[in-house]
Amino acid sequence: MNLPNQEETVTADTFLRGLWEENPVFVMLLGMCPVLAVTNSAINALAMGLATTFVLLCSSSLVSLFRKLIPKQVRIATYIVIIATFVTIVDYGIQAISLDLYNALGAFIQLIVVNCMILGRAEAYASKQRLGATVVNGLGMGVGFTIALLCLGGVREILGAGSLFGFPLFAENFQPWVVMILPPGGFFVLGGWLLLFNWYRQRRERKLMEQQGASVHGS
Amino acid sequence: MAAESLTFIFLNAAIINNFVLALFLGICPFLGVSAKRDTAWHMGLAVIFVMLVSSVSAYAINWLLIRFDIQFLRLICYIAVIASAVQLVEMAMKKFSPALFRALGIFLPLITTNCAILGVALFQTFREYDFLQCLAFSLGAGVGFTLALTLMAGLRERLELANVPNVSQGAALTLMLAGLLSLAFMGFAGLGGQHA
């Protein structure tokens, strides 16, 4: 991953990068703790994704605005305090909106503060870029993170409880695969997704090689 | 909930609700530093130390915050304390063991963003543990973390020589292993633990 040191112009790529090429969960393996812990149902995963996106957006915009004011020596501490402030806001917000959700997510809302993805974005991107680029990039990363959470949460809920977003999908005789909503399931499903992506990437590389080989032979 | 015995709290945090394998806290270093047994063990020790320091400080801070009725500042204060504790460990390690300092590399400052440590501070506040219980809890959590990390490192050292399919190399394999370990640790649930 090469990070631009100059201020980059906003393109569609700024947004799309977070979705696929630099997806925080599937490619960079950042912020794994909430990814595994709260994805036992799709609704929890969605809520966690949205909360993280909100914190990511707000904190990186603020960091980007103040990037010339923050002294280099204390930047990490400053970033963390900024992030912690927004997490506190989200924490009280969710508590006010839905107490059920708050209880389901538990301490993991407050633990957004130590999500490496957010600090990583602040340090590697927001501290060097203009506000516009930061917002677009942050949004991309947040959406990528949410999609990844939904991928995990969806699979785990379908297999482990036979439902999606709380709606039952199968007939009565369905035997839920309970281990999938228990802790080991999180590891297994994420591992499975990574296997799938590895397989896809290798297949694409092999095809590319074959094409190149063919063109060399042809000439 | 505050009436549990110290042994139970320790065992609960270390084995039954293991921080890494059951509660998914501290996954980043768990996946990142578990390639070699030696490094994993030292990382575990550093984490135990930071956990103890930050747990004691968090206890004191929580008392102060409640006293002045400003609990909404809890998160910010906790994270500041943890960051300072990590800095302390970093300086000590740089002075006494430069080789280890280099081996741990970026993961040493990243202890700050190790959810396990903030998790200890937050859980002990939620469960309203008293001072001794806090100590037992953080020690147990640290021991549990070290246990998981060393087990994982041992497995991965073995697997380095194994012949695995090309696709499953790297993170995917590590996650599958973690899943199996987690499954094994679920067997301890019968000891009377409850998921937090």
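Here is a short report on the structure shown in this document. (Residues numbered from 1 in each chain as written. Chains lettered and ligands numbered in written order. Predicted model: local features only at pLDDT ≥ 70, side-chain atom pairs only at ≥ 80, totals over all residues.)

## Some remarks on the overall build of chain A
Keep this limit in mind: Counting from the N terminus, the helices are the DSSP runs of H or I reaching at least four residues and the strands are the DSSP runs of E reaching at least two. Residue burial here comes from a neighbour count, namely the number of other C-beta atoms, placed from the backbone, that lie within 10 Å of the residue's own C-beta, with 20 or more meaning buried, 12 or fewer meaning exposed, and in between meaning partly exposed. By the convention adopted here, residues make contact when the C-beta atoms placed from their backbones lie within 7 Å.
Secondary structure summary: chain A contains eight helices and two strands in total. Moving toward the C terminus, one meets the helices and strands of chain A in the order α-α-α-α-α-α-α-β-β-α. In terms of overall dimensions, chain A has a C-alpha envelope of 70 × 60 × 25 Å along the principal axes. By the burial criterion, 43% of the 219 residues in chain A qualify as buried. Residue pairs in contact within chain A that sit at least 24 positions apart in sequence constitute 76% of those at least 6 positions apart.

## Some words on the interface of chain A and chain B
As a reminder, the rule being used: When residue character is reported, Ala, Val, Leu, Ile, Met, Phe, Trp, Tyr, Cys and Pro are called nonpolar, Asp, Glu, Lys and Arg charged, and the others, Gly included, polar.
Counting residues at the interface gives 32 residues for chain A, matched by 34 residues for chain B. Top contributing element to the side of chain A that touches chain B by residue count: helix α8 (residues 183–218) of chain A, with twelve residues. A breakdown of the residues in the side of chain A that touches chain B according to their chemical character gives 25 nonpolar, seven polar and no charged.

## Here's the deal with unusual backbone geometry
The phi torsion of most residues other than glycine is negative, and most of the peptide bonds are trans. Residue and element names in this part refer to chain B. For F24, which is not glycine, the phi torsion reads 60° and is therefore positive. Mapped onto the fold, F24 is located in the loop between α1 (6–16) and α2 (27–32). Positive phi, close to 60°, is recorded for D69, a residue that is not glycine. With 7 C-beta atoms packed within 10 Å, D69 lands in the exposed category.

## Focus: the packing of helix α1 (residues 12–19) of chain A against helix α7 (residues 131–161) of chain A
Residue and element names in this part refer to chain A. Short version of the rule: Where helices are involved, their axes are fitted lines through C-alpha atoms of the stretch in contact, as for all axes, and angles between N-to-C directions lie from 0 to 180°. Orientation categories follow fixed angle ranges, with anything under 35 degrees roughly parallel, anything over 145 roughly antiparallel, 65 to 115 roughly perpendicular, and all other angles oblique. Each crossing gets its handedness from the near helix: less than a right angle anticlockwise from the far helix is left-handed, clockwise is right-handed.
Where α1 meets α7, the axes come as close as 6 Å, and the angle between the chain directions of the two elements is 25°. Relative to α7, α1 is oriented roughly parallel. Taken as a pair, α1 and α7 cross one another with a handedness that is right-handed. Contact with α1, carried on its side by T14, F15, L16, R17, G18 and L19, involves A133, V136, N137, L139, G140, M141, V143, G144 and I147 of α7 and no other residues of that element. Classifying every residue of the contact of α1 with α7 by side-chain character gives nine nonpolar, five polar and one charged.

## Some thoughts on the nonpolar core
Put simply, the rule reads: Any set of buried Ala, Val, Leu, Ile, Met, Phe, Trp, Tyr and Cys residues joined through C-beta atoms within 7 Å is what this text calls a nonpolar core.
Ranked by internal contacts, the top residues of the largest apolar core, which has 118 residues, are C33, I83 and V113 of chain A together with L118 of chain B. Top element by residues in this core is helix α7 (residues 131–159) of chain B. It accounts for twelve residues. Filtering out sequence-adjacent residues up to four positions away, V113 of chain A remains in contact with I83, A84 and V87 of chain A together with L75, I79 and L118 of chain B.

## Things to note about the environment of L75 of chain B
In this fold, L75 of chain B is placed in helix α4 (residues 74–96). Exposure remark for L75 of chain B: the 23 C-beta atoms within 10 Å place this residue in the buried category. Distance from L75 of chain B to A58 of chain B, taken between C-alpha atoms, is 10.0 Å for residues 17 residues apart in sequence. Those residues in contact with L75 of chain B that sit more than four places away from it in its chain are A84, V87, T88, Q110 and V113 of chain A.

## Remarks on the environment of P24 of chain A
Residue and element names in this part refer to chain A. With respect to the helices, strands and loops of the structure, P24 is situated in the loop between α1 and α2 (32–37). A tally of 26 C-beta atoms within 10 Å means that P24 is categorised as buried. Through-space distance from the C-alpha of P24 to that of T53 is 12 Å; in sequence the pair is 29 residues apart. In this structure, P24 is in contact with L30, G31, M117, M141, G144 and F145, ignoring residues within four places of it in sequence.

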